[in-house]
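Descriptive analysis of the structure
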Amino acid sequence: MTAMLEMRGVSKSFAGVQALRDVSFTVEAGQIHALVGENGAGKSTLMKVLSGVYPAGSYDGSIVFDGEERRFRDINDSEALGIIIIHQELALIPLMSIAENIFLSHPPSRFGVIDRNAVHRRTAELLAQVGLREPPDTLITDLGVGKQQLVEIAKALSKRVRLLILDEPTASLNEADSAALLERLLAFREQGIASILISHKLNEVARVADRITVLRDGRTVDSIDCRTERIEEDRIIRSMVDRDLAHRFPERKAEIGEPVMTVENWSVYHPLHTERQVIKNVDFTLRRGEVVGIAGLMGAGRTEFAMSLFGCAWGTNVSGKVRLDGREADLSSVPAAIDAGIAYVTEDRKQLGLILAADVRKNVTVASLRQVSERGVIDDVAELKAASDYRTRMRIRCSDVYQATGDLSGGNQQKVVLSKWLMTDPRVLLLDEPTRGIDVGAKYEIYSIINELAEAGRGVVVISSEMPELLGICDRICVMNDGAFVGEFAAHDATQEKIMRAIMRNVRMSGRGADERAARAGGGAP
Amino acid sequence: MTDKTVSLPEVPGHSGFIKNNLRNYGMLLSLLAIMLFFEIVTDGTLLQPLNLTNLVLQNSYIVIMALGMLLVIVTGHIDLSVGSVAGFVGAVAAVLMVRYHVSYPIAFVACLLVGAAIGAAQGYWVAYFGIPSFIVTLAGMLVFKGLALAVLQGQSVGPFPPTFQKLSSGFIPELFPSAGTLYPTSLAIGIVLAFVLVLATARSRAREQAHGIAVEPYAFFVVKSIALAGAVLYFTYLIASHRGLPNVLVIMTVLIALYGFVTRRTVIGRQIYAVGGNAKAAKLSGVKTERLTFFTFVNMGVLAALAGLVFAARLNTATPKAGLGFELDVIAACFIGGASAYGGVGRVGGAVVGAMIMGVMNNGMSILGIGIDYQQVIKGLVLLGAVCIDVYNQRR
């Protein structure tokens, strides 16, 4: 078979961070090529280079498609050749019909007037091809996520797709829908349409892929031809995570005391899809002076768990019991949770953590104005002193506390957020991706702060997608998948491979269950 | 932090400070320029005592509503219904006092409560139901315009009892009536006010300096204090040489001071700005965002009611057309005064200056005999220009 696509020596960096280093990647006609790797390994970046989201010239290396070197200026250029990318967040307009969405950018028309009959007819044909039995004028908002995914694929087909790129297509699908989607890919292979499948679910990958390429830290570290070699999951996992600890961590001497927070039978439902249980009756214990990490893939329910504990800031129908220092706590609202001694440092600093236009001082004191005011009147000298104290203590680099937080670097913004929560004097800190988007030096400072917090007898929970970070700073690591804890390791006992294996084992189990259920459902049908 | 220039490491010194604060004082300087312009082209009519008193009376209700509108805009919302609400409350006041002979204080309080109820009704939909304030208050605008017409049965109702008229057309009582052309009580109040203002700023500056807070350069402070005291004294002198301080000016001054204090120094004020700056982050910091939004609308309702009473008292009659288009002047005042349409930014002082710019332009152009047609064109261009300058300044 000849190569349809060849990416040669692709490198790409963002503001000094090397996202891709000399990556070569080949797809043959009619091949399903799986791309696997940890969060941040460079998979999405590579696909954005390929589809023209990052235009020619913004990266090094070359793209050869159909034997000719291509320089895509934008996504339209790649689509013209039949390279279609379907992102994890679907790009459909909810209040338009299936047909309108499919032909949004290129409706069949006569003299500029849309030919509604042709749209309807061709949509029906496309839907038949992807196996979606819905009338073309159904609104997208009335479809489930699985069917929306199929609409995206039908949209790709309408553009005469030759290479289909799917970015974690099954992440939000249930088992039956996932199986149906994979069947589609196999059918496309028969028609000569090649696919690139980005997925964390190794069982799916093993089932459909002709070749598996593993990316790690922006490099190609392994490539397996599934037709000639046996697929060894251990080998894939090892390639995914094996790396030197690139940065060091501050020395940690843990003095672990009594439980400060115990969570029992905690259950949370999705705020929009209220029948979907996102956190599935979990138990969790955190001790004084302890740093506990929560590992897991994106969408495992870690953020949802933390935010629901923080005064039901996420989810509906929250139930379960939380004891803080042995006493049952009222966590019915955010102010109640703050009063009870819980602080949540969000993963989305800019949208949820800071008031960017306001200065450092106002951001530091916004959650504890009571401390610097008397009968509702702010004592501006006391406020300034408090803010300046935190500026010194946390080594926030700013011209003064009147500087707008929007002008600070990511690391310093994060220190402002941490200051805000330290000022509330919490017993328990829930830190969600505390070092995301922060340079290595500032990361070390944040780790030191986490250590100091634990030494002061507070309980700290760290949610992170960077496993080396969890291994470097935590006393204990809990592994979450699909809304439940599926493994727990003491820090000295844990390795990246063990954690990844715990996740993959669980992913595979739920995947297998799906196949059985799908088979049963199929067999039971008349 | 003990170094005074620490806040301006790149441009130390007085010129740097003035440059950095030009934005805060830019609108004030514009107001002075506009006043100077009209003072010259109207041959001194603008600042004649009689005209100045009229200027205050004509714009009092706009200023009062601008205080409430500023809070609404800072939370990231808008209230289009204030003109209709003011007209409706004026109508209710007329019906109560003229038709049913309810006594003035009871009617007054009842009208403010009606305003609060209206604000609560609209705020409920905005804050707890998440319906865009533009739509809720657009509906309110139609509803209360119609209700005013219904309450008045299409007619003008008046005149009001003389005690009620005093709200707008009255002046504070003169304690020393024999003192010739000047009204000494008003003058004395003005002198005391100027003194208190200068003393208060000096004390707060000294206090900040004692705690190592960066303060403005001394020369700048002296110039500012002299200008402030001078402006207050000159204004009082002009007012005192006509008929003394109008009652409504006293009400206005107290309200401006109160809202200035609430927005700058209180927890609730700080939280309102936090909601407007980033509602999600504020909520996750324990701020009760819905309750605050609700409160700003209730507050707006009360102030619109007060403005409606002042306006009705001034005309001495309630007409179905009262309040027509007020919302536009009020909203324009806030935006000219530097409030951001995206929320989180805006100052009480700015809104007041914005209202005065609109007022001076209305008054000056009327004196010049410019028709109502071109007055609107010019006012519209001034609004657009002011906001353009603001956006340009923020981009820099």
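Residues numbered from 1 in each chain as written. Chains lettered and ligands numbered in written order. Predicted model: local features only at pLDDT ≥ 70, side-chain atom pairs only at ≥ 80, totals over all residues.

**Points about the overall build of chain A**
For chain A, the count of helices and strands is 17 helices and 24 strands. Taking 526 residues into account, the globule formula puts the C-alpha radius of gyration at 24 Å, and chain A, at 25 Å, falls close to it. Across its three principal directions, the C-alpha atoms of chain A cover 70 × 55 × 55 Å. When the 526 residues of chain A are sorted by exposure, 47% land in the buried category. If you take every contact in chain A between residues at least 6 apart in sequence, the share linking residues at least 24 apart comes to 69%. (Helix = DSSP H or I, 4+ residues; strand = E, 2+ residues; numbered from the N terminus. Rg over C-alpha atoms; globule rule 2.2 N^0.38 Å. Buried ≥ 20, exposed ≤ 12 C-beta atoms within 10 Å, placed from the backbone. Contact = placed C-beta atoms within 7 Å.)

**Here's the deal with the overall build of chain B**
Secondary structure summary: chain B contains 15 helices and zero strands in total. For 396 residues, the compact-globule estimate of 2.2 N^0.38 gives 21 Å, and chain B sits close to it at 22 Å. By principal-axis analysis of the C-alpha atoms, chain B measures approximately 65 × 60 × 40 Å. Each of the 396 residues in chain B was classed as buried or not, and the buried ones make up 43%. In chain B, once contacts between residues fewer than 6 apart in sequence are set aside, the share between residues at least 24 apart is 80%.

**Quick notes on the interface of chain B and chain A**
Interface size is often expressed as the accessible area that is lost when the parts come together. The interface is formed by 25 residues belonging to chain B together with 28 residues belonging to chain A. Residue assignment for the side of chain B that touches chain A shows that the elements contributing at least two residues are α10 (267-277) and α11 (279-283) of chain B. In terms of residue count, α10(B) provides more of the side of chain B that touches chain A than any other element does, five residues in total. Grouping the amino acids of the side of chain B that touches chain A by side-chain chemistry returns eleven nonpolar, eight polar and six charged. (Nonpolar A, V, L, I, M, F, W, Y, C, P; charged D, E, K, R; others polar.)

**A few points about the pairing of strand β13 (residues 259-269) of chain A**
All names here are of chain A. Sheet topology places β13 next to strand β14 (residues 277-287); seven bridges connect them, and they run antiparallel. Bridge assignment links valine 263 to a residue of β14, and that residue is phenylalanine 284. Where β13 meets strand β16 (residues 316-324), six bridges bridge the pair, whose relative direction is antiparallel. Across the sheet, residue glutamate 264 finds its bridge partner in β16, namely lysine 321. (Pairing = 2+ DSSP bridges.)

**Structural notes on the sheet that holds β14(A)**
The four strands lie next to each other as β14-β13-β16-β17 (chain A), forming an open sheet whose pairing is antiparallel. Two strands bound the open sheet, and with one partner strand each, they are β14 and β17 (327-328) of chain A.

**A few points about the confidence of the model for chain B**
Detailed conclusions should not be drawn from predicted coordinates in areas where pLDDT is low. All names here are of chain B. On average, chain B scores 87 in pLDDT, and the residues at 70 or more come to 92%. When mean pLDDT is taken per element in chain B, helix α4 (residues 104-129) scores highest with 96 and helix α1 (residues 14-41) scores lowest with 76. Prediction confidence for the complex, expressed as pTM and ipTM, is 0.78 and 0.83 respectively. (pLDDT = per-residue confidence, 0-100.)

**Notes on the packing of helix α3 (residues 82-99) of chain B against α4(B)**
When two helices pack together, their arrangement is given by the angle between the helix axes and the distance between those axes. Residues and elements named next belong to chain B. Close contact between α3 and α4 brings their axes to 10 Å; oriented N to C, the two are set at 150°. By the criterion of interaxial angle, the relationship of α3 to α4 is roughly antiparallel. Judged by the twist between their axes, the crossing of α3 over α4 is right-handed. Contacts between α3 and α4 involve Val85, Val89, Val92, Ala93, Leu96 and Met97 from the former and Tyr104, Ala107, Ala110, Cys111, Val114, Gly115 and Ile118 from the latter. Classifying every residue of the contact of α3 with α4 by side-chain character gives twelve nonpolar, one polar and no charged. (Axes fitted to C-alpha atoms, helices over the stretch in contact; angles between N-to-C directions. Parallel < 35°, antiparallel > 145°, perpendicular 65-115°, else oblique. Left-handed = near helix turned anticlockwise from the far one by under 90°.)

**Notes on the packing of α10(B) against helix α12 (residues 289-315) of chain B**
Residue and element names in this part refer to chain B. One can describe the packing of α10 onto α12 by two numbers: an axis separation of 10 Å at closest approach and a directional angle of 105°. Regarding the angle of α10 to α12, the classification is roughly perpendicular. The residues of α12 that touch α10, namely those facing Gln271, Ile272 and Val275, are Thr289, Leu292, Thr293 and Thr296.

**Focus on the environment of A:Ala156**
Residue and element names in this part refer to chain A. Mapped onto the elements of the fold, alanine 156 is located in helix α5 (residues 145-158). Taking C-alpha positions, alanine 156 is 8.8 Å from isoleucine 83, a pair spaced 73 residues apart along the chain. Beyond its immediate chain neighbours, meaning those up to four positions away, alanine 156 contacts Ile84, Ile86, Val161 and Leu164.

**Focus on the sheet that holds strand β9 (residues 163-167) of chain A**
Within a sheet, adjacent strands bond to each other through the backbone by hydrogen bonds, running parallel or antiparallel. Residue and element names in this part refer to chain A. Across the sheet, six strands lie side by side as β6-β9-β10-β3-β11-β12; this open sheet has mixed pairing. Two strands lie at the open edges of the sheet, namely β6 (83-86) and β12 (219-225), each paired on one side alone. Each adjacent strand pair in this sheet contributes to an overall mean axis angle of 15°, direction not counted. Here strand β3 (residues 32-36) pairs with strand β11 (residues 211-216) via four bridges, running parallel. From the neighbouring strand, alanine 34 faces β11, where its bridge partner is isoleucine 212.

**Quick word on the pairing of β11(A)**
Residue and element names in this part refer to chain A. One ladder, built from six bridges, connects β11 with β12; its direction is antiparallel. The residue of β12 that forms the bridge with threonine 213 is serine 223. The hairpin turn running from β11 into β12, its antiparallel successor, is two residues long, and aspartate 217 in that turn takes a positive phi close to 50°.

**Some remarks on unusual backbone geometry**
The phi dihedral of A:Glu168 is positive, around 45°, even though this residue is not glycine. Within the secondary structure, A:Glu168 sits in the loop between β9 and α6 (175-190). Residue classification places A:Glu168 among the buried residues on the basis of 20 C-beta atoms within 10 Å. Notably, B:His101 is not glycine yet its phi reads approximately 55°, a positive angle. Along the chain, B:His101 turns up in the loop between α3 and α4.

**Re α6(A)**
Residue and element names in this part refer to chain A. With 16 residues, α6 extends 23 Å from end C-alpha to end C-alpha; this agrees with the ideal 22 Å at 1.5 Å per step. Looking at α6, one finds that the buried residues are Asp177, Ser178, Ala179, Leu181, Leu182, Leu185 and Phe188. One or two steps after α6, the chain reaches glycine 192, where phi turns positive at roughly 85°. (Expected span 1.5 Å × (residues − 1).)

**Some thoughts on the nonpolar core**
Counting residues in each nonpolar core, the largest one holds 263 residues, and the members touching the most others are A:Leu430, B:Met65 and B:Ala66. Sorting elements by how many residues they give to this core places α12(B) first, with 17 residues. In this structure A:Leu430 touches A:Ala306, A:Leu309, A:Phe310, A:Ile342, A:Ala343, A:Tyr344, A:Val345 and A:Val461, once residues within four positions along its chain are discounted. (Core = buried A, V, L, I, M, F, W, Y, C linked by C-beta atoms within 7 Å.)

**Structural notes on the environment of B:Asn247**
Residue and element names in this part refer to chain B. Position of asparagine 247 among the secondary structure elements: in helix α9 (residues 247-265). When the C-alpha positions of asparagine 247 and glycine 346 are compared, they lie 28 Å apart, and in sequence the two are 99 residues distant. With residues up to four places along the chain from it excluded, the contact list for asparagine 247 reads Lys166, Leu167, Gly170, Phe171 and Ile172.

**Here's the deal with the confidence of the model for chain A**
Counting all residues, the mean pLDDT for chain A is 85, and 93% of those residues have values of 70 or more. Ignoring residues within four places in sequence, the model shows residues 511-526 of chain A, a span with pLDDT below 50, making 16 contacts including any to other chains.

**Some remarks on helix α8 (residues 218-240) of chain B**
Residues and elements named next belong to chain B. With 23 residues, α8 ought to run about 33 Å at 1.5 Å a step, and its terminal C-alpha atoms sit 32 Å apart, in line with that. Every buried residue of α8 is accounted for by Thr236, Ile239 and Ala240. On its buried face, α8 is in contact with α2 (49-74) and α7 (184-210).

**Quick notes on the environment of B:Ala307**
All names here are of chain B. Looking at the secondary structure, you find alanine 307 in helix α12. On the basis of neighbour count, alanine 307 is assigned to the buried category, with 30 C-beta atoms found within 10 Å. Taking the C-alpha atoms as reference points, alanine 307 and histidine 101, separated by 206 residues in sequence, lie 21 Å from one another. Apart from residues lying up to four places away in sequence, alanine 307 is in contact with Tyr61, Ile64, Met65 and Ala86.

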